[in-house]
Amino acid sequence: MRHRPVLLIALALFAALVPVISGIPEYWITLANYIGLYSIVAIGLVLLTGVGGLISFGQAAFVGIGAFTTGYLTTRHGFSPWLTLPIGMLLTAASACVIGAVTLRLSGPYLPLSTIAWGISLYFLFGNLDWLGRHDGLTGIPSLDFFGWTLVSGRRYYYLIWLAVFLAIVATQNLLDSRPGRAIRALRGAVMAESCGVAIARYKMLIFVYAAILAGISGWLYAHMQRAVNPSPFDLQAGIEYLFMVVIGGAGHVWGAVLGAGLLTVVKDKLQDVLPRLFGSNGNFEIIVFGVLMVLILQHAREGIWPRLLRRWPSRRRTDRTLSAVELSRRERPPAGQSILEVKAVRKEFGGLVAVNDIDFTMRAGEILGLIGPNGAGKSTLFDVISGVTAPSGGVVSFRGARIDRRAAKDIAYLGIGRTFQHVRLLPGMSVLENVALGGHQRARQGAIAAMLRLDRKQEAQLFSEAARQLERVGLAAHGHEPAGNLALGQQRQIEIARALCADPVLLLLDEPAAGLRYREKRALADVLRGLKQEGMSILLVEHDMDFVMGLVDRLVVMDFGSKLAEGLPRDVQKNSAVLEAYLGSVA
Ligand code: ADP
Ligand code: MG
């Protein structure tokens, strides 16, 4: 169980010794250098594609920007390579910002298609600019000089490349294990992430730029290793190969990138020897083999090879997060009885279907309001409208006096509305605690750079203390370190409540929180909700279990076919004949 660190140290030692072992041919060193260069690009793709879900075929173009920037500035203007590194990084970042601003909004297959488009465009740009030497490229790029130690030989260069790989791995893993990292991991569940206050567009841009910068660094290293650049290594095929590396190695794992880069480079090298002899002519036959390999991997090990290996080497999850004594600051709560939520003539139509039909009601601070009605009555849709997940077709929603019906979900979360979902939306592979901590996203400030440098630990401790407190409140403290997907559905609903509470909301929207719970668990949940009410929380509750609802809520709003049927105290509503007919009748 504890072999993994030992294994890694052994691997690192071996890697460090490779160039000084005299028997190892230069050829293998060169191969190792290429693997390192590809790994750096692939690590960026892990974040972008594997974790963030944004597929890019165009990374090779960013490598090209890094390579041509240093090639041009060092050969034509005599810049020091150590100066062209930051310039190249800035230039790739700037290009990524421009390209990202135009394309990252695209959804579905359009985003990957656009990466093909700009990937090809940049490639042709490199090949057609006179000052970049057109198709011949640039030659005479100086070698790197490290305090008088010239990195001319492949053996020396090896150390620089693998130092860069190592730093990229550490920075990326640190980033993933942080507040921005959790937001990035949540990008695939956009609706949930927004409701947790994550600015989706910003994090997409962040990973796009981050991956581009890594590609640019790889390009800079490449240019000074080759001492010449031409456009051909930055074409679409290279972009596709980077993606292959990540998918084959394991798109969701940083080490999968290194494994994939290694496998593909070695296999490609062998195939380039063997296949032309087999086919009797020259050509890039290896691409065919990679294509077949990719299909096989996608069919039999969709996660890639690295996670398969991991299963043989289970690691001990770190369980000892230091907890912080300093609590995160809390929102001030409105005085009990003050009007907190006003819903006026709110309407939501889906094509011809009126899911929410001119609903009116008002909620007061410190109140538990039950929203009931048969399936399809429009309760969840109304939740979506209030929380900004979907825009209403008409009407006004005001929260603490301010209109929120045109605002984005993340802004509404920021104002203090937390919610759960009828169909649980958790990140199943992430630990329960991390899922809950995601809810506290907006209560912390640390960004990506602090995270990469591990300067965010104090605030992380605060976030995790808060997450642990909320998890304990819903009775799941013992499960904090398990993957959220391992828990029963009823428990997953409780995690969602803890996640919503972690944002320190003023108003809590709970969509069927008791579904899937056993009798005792329901009673415990009712106690939790009563406790929250005592602390001044306002709760809007959708629930089907009438015993649960009647014993808990202050008032009820009943909906049927999108319209409001009744509103009032539970005992009055229970006697309302229209309600009995429409709602209770249909349940029985
Ligand atoms: P409830 O939560 O009260 O069971 P919903 O709000 O989920 O009801 O659904 C209300 C009605 O709106 C249903 O008829 C449902 O089929 C429809 N509906 C909900 N979401 C959509 C959607 N995205 N597109 C089309 N129809 C929808
Ligand atoms: Mg519903």
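Scroll up to find the structure.
Residues numbered from 1 in each chain as written. Chains lettered and ligands numbered in written order. Predicted model: local features only at pLDDT ≥ 70, side-chain atom pairs only at ≥ 80, totals over all residues. Heavy atoms only, no water.

**A short note on the overall build of the protein chain**
Okay, so step 1: In terms of regular secondary structure, the protein chain is built from 23 helices and 14 strands.
Okay, so step 2: Taking contacts inside the protein chain between residues at least 6 apart in sequence as the whole, the part at least 24 apart equals 75%.
Okay, so step 3: Counting only carbon and sulfur atoms, one obtains 61% of the accessible surface of the protein chain, whose full area is about 26,400 Å².
Okay, so step 4: In the protein chain, 59 side chains carry a positive charge and 44 a negative one; their mean positions are 4 Å apart. (Helix = DSSP H or I, 4+ residues; strand = E, 2+ residues; numbered from the N terminus. Contact = heavy atoms within 4.5 Å. Areas by Shrake-Rupley, 256 points an atom, 1.4 Å probe, with all protein chains shown as cover. Lys, Arg positive; Asp, Glu negative; His and termini not counted. Charge placed at Lys NZ, Arg CZ, Asp CG, Glu CD.)

**Overview of the sheet that holds strand S5 (residues 339-350)**
Okay, so step 1: Taken in spatial order, the four strands line up as S6-S5-S8-S9 in an open sheet, and their pairing is antiparallel. For this open sheet the edge positions go to strand S6 (353-364) and strand S9 (402-403), each flanked by a neighbour on one side alone.
Okay, so step 2: The pairing of S5 with S6 spans eight bridges and is classified as antiparallel. What sits directly across from valine 343, in S6, is phenylalanine 361. (Pairing = 2+ DSSP bridges.)

**A closer look at the coordination of the magnesium ion (ligand 2)**
Okay, so step 1: Within the first shell, the magnesium ion (ligand 2) binds the protein through Ser380 (OG) and Gln422 (OE1), at distances of 2.0 to 2.1 Å. Placement of the pair is serine 380 in helix H14 (residues 379-386) and glutamine 422 in the loop between strand S10 (417-419) and helix H16 (432-439), with a sequence separation of 42 residues.
Okay, so step 2: Take serine 380: its relative accessible area is 23%, and that puts it in the partly exposed class. (Donors = N, O, S within 2.8 Å, 3.2 Å for Na, K, Ca; no water. Buried < 20%, exposed > 50% of the residue type's maximum accessible area, 1.4 Å probe, protein only.)

**Here's the deal with the site of ligand 1**
Okay, so step 1: All residues adjacent to ligand 1 are Phe350, Leu353, Ala355, Pro374, Asn375, Gly376, Ala377, Gly378, Lys379, Ser380, Thr381 and Gln422.
Okay, so step 2: Note that an oxygen atom of ligand 1 is positioned 2.7 Å from one of the backbone N or O atoms of glycine 376.
Okay, so step 3: Between ligand 1 and lysine 379, the relevant distance is 2.8 Å, taken from an oxygen atom to a side-chain nitrogen or oxygen of the residue.
Okay, so step 4: Its free accessible area being 560 Å², ligand 1 has 59% of it covered by the protein chains.
Okay, so step 5: Sorting the residues of the shell around ligand 1 by element identifies S6 and H14 as the ones contributing at least two each.
Okay, so step 6: If one sorts the elements of the shell around ligand 1 by residue count, H14 sits on top with three residues.
Okay, so step 7: Across the shell around ligand 1, the residue classes break down as five nonpolar, six polar and one charged. (Near = heavy atom within 4 Å. Polar contact = N/O pair within 3.5 Å; in protein donor to acceptor, adjacent residues only side chain to side chain. Nonpolar A, V, L, I, M, F, W, Y, C, P; charged D, E, K, R; others polar.)

**Looking at the environment of alanine 500**
Okay, so step 1: Among the secondary structure elements, alanine 500 is positioned in helix H19 (residues 489-502).
Okay, so step 2: Not counting residues within four places of it along the chain, the set of residues in contact with alanine 500 comprises Gly418, Arg419, Pro505 and Leu508.

**A closer look at the state of the cysteines**
Two cysteines form a disulfide when their sulfur atoms are joined by a covalent bond.
Okay, so step 1: Under the defined criterion, the tally for this structure stands at zero disulfides.
Okay, so step 2: Just so you know, cysteine 502 is unpaired, no disulfide at all, and the nearest cysteine sulfur is the one on cysteine 196, 9.2 Å from it.
Okay, so step 3: By relative accessible area, which is 0% here, cysteine 502 ends up buried. (Disulfide = S-S within 2.5 Å.)

**Here's the deal with the side chain of histidine 441**
Okay, so step 1: One can find histidine 441 in the loop between H16 and helix H17 (448-452).
Okay, so step 2: Residue histidine 441 is classed as buried on the basis of its relative accessible area, which comes to 4%.
Okay, so step 3: Aside from chain neighbours lying at most four places away, what touches histidine 441 is Arg179, Ala183, Cys196, Gly197, Val198 and Tyr203.

**Quick notes on the packing of aromatic side chains**
Pairs of aromatic rings are described using the distance from one ring centre to the other and the angle between the two planes.
Okay, so step 1: Applying the stated rule across the entire model yields 18 aromatic pairs.
Okay, so step 2: Relative to phenylalanine 208, the ring of phenylalanine 62 lies with its centre 5.9 Å away and its plane at 80 degrees, an arrangement referred to as edge-to-face. With phenylalanine 62 in helix H3 (residues 59-77) and phenylalanine 208 in helix H9 (residues 200-226), this residue pair connects regions lying 146 residues apart in the sequence. The same class applies to phenylalanine 62 as to phenylalanine 208, namely buried.
Okay, so step 3: An angle of 25 degrees between the planes, with centres 4.9 Å apart, marks the rings of phenylalanine 68 and phenylalanine 126 as stacked. Taken together, the residues phenylalanine 68 in helix H3 and phenylalanine 126 in helix H5 (residues 110-128) connect sequence positions 58 residues apart. Just as phenylalanine 68 is buried, phenylalanine 126 falls in that class too.
Okay, so step 4: Following the ring pairs from residue to residue traces out a cluster consisting of Tyr34, Tyr38, Phe68, Phe126, Tyr222, Phe234 and Tyr242. (Phe/Tyr/Trp six-rings, centres within 6.5 Å; stacked < 30°, edge-to-face > 60°.)

**Quick word on helix H10 (residues 236-249)**
Okay, so step 1: Between its first and last C-alpha atoms H10 spans 20 Å; for 14 residues at 1.5 Å apiece the expected length is 20 Å, and the two agree.
Okay, so step 2: Extensive coverage of H10 is indicated by the burial of eleven of its 14 residues.
Okay, so step 3: Of the residues making up H10, those classed as buried are Ala238, Gly239, Glu241, Tyr242, Leu243, Phe244, Met245, Val246, Val247, Ile248 and Gly249.
Okay, so step 4: Positive phi shows up at glycine 250, right after H10, with a value of about 135 degrees. (Expected span 1.5 Å × (residues − 1).)

**Comments concerning H16**
Okay, so step 1: The element H16 is extensively covered by neighbouring structure, given that eight of its eight residues are classed as buried.
Okay, so step 2: Considered for burial, the residues of H16 that qualify are Val432, Leu433, Glu434, Asn435, Val436, Ala437, Leu438 and Gly439.
Okay, so step 3: Taken together, the buried residues of H16 touch helix H7 (179-185), helix H8 (190-195), helix H18 (457-473) and H19.

**A few points about the environment of glycine 239**
Okay, so step 1: Mapped onto the fold, glycine 239 is located in helix H10.
Okay, so step 2: What makes glycine 239 buried here is its relative accessible area of 0%.
Okay, so step 3: Through-space distance from the C-alpha of glycine 239 to that of glycine 58 is 5.2 Å; in sequence the pair is 181 residues apart.
Okay, so step 4: Discounting chain neighbours no more than four positions away, the residues touching glycine 239 are Phe57 and Ala60.

**Brief notes about unusual backbone geometry**
Okay, so step 1: Although it is not a glycine, arginine 400 adopts a positive phi angle of roughly 50 degrees.
Okay, so step 2: Locating arginine 400 in the fold gives a position in the loop between strand S8 (394-399) and S9.
Okay, so step 3: Non-glycine residue glutamate 512 carries a positive phi angle of around 55 degrees.
Okay, so step 4: Within the secondary structure layout, glutamate 512 lies in the loop between strand S11 (507-511) and helix H20 (519-534).

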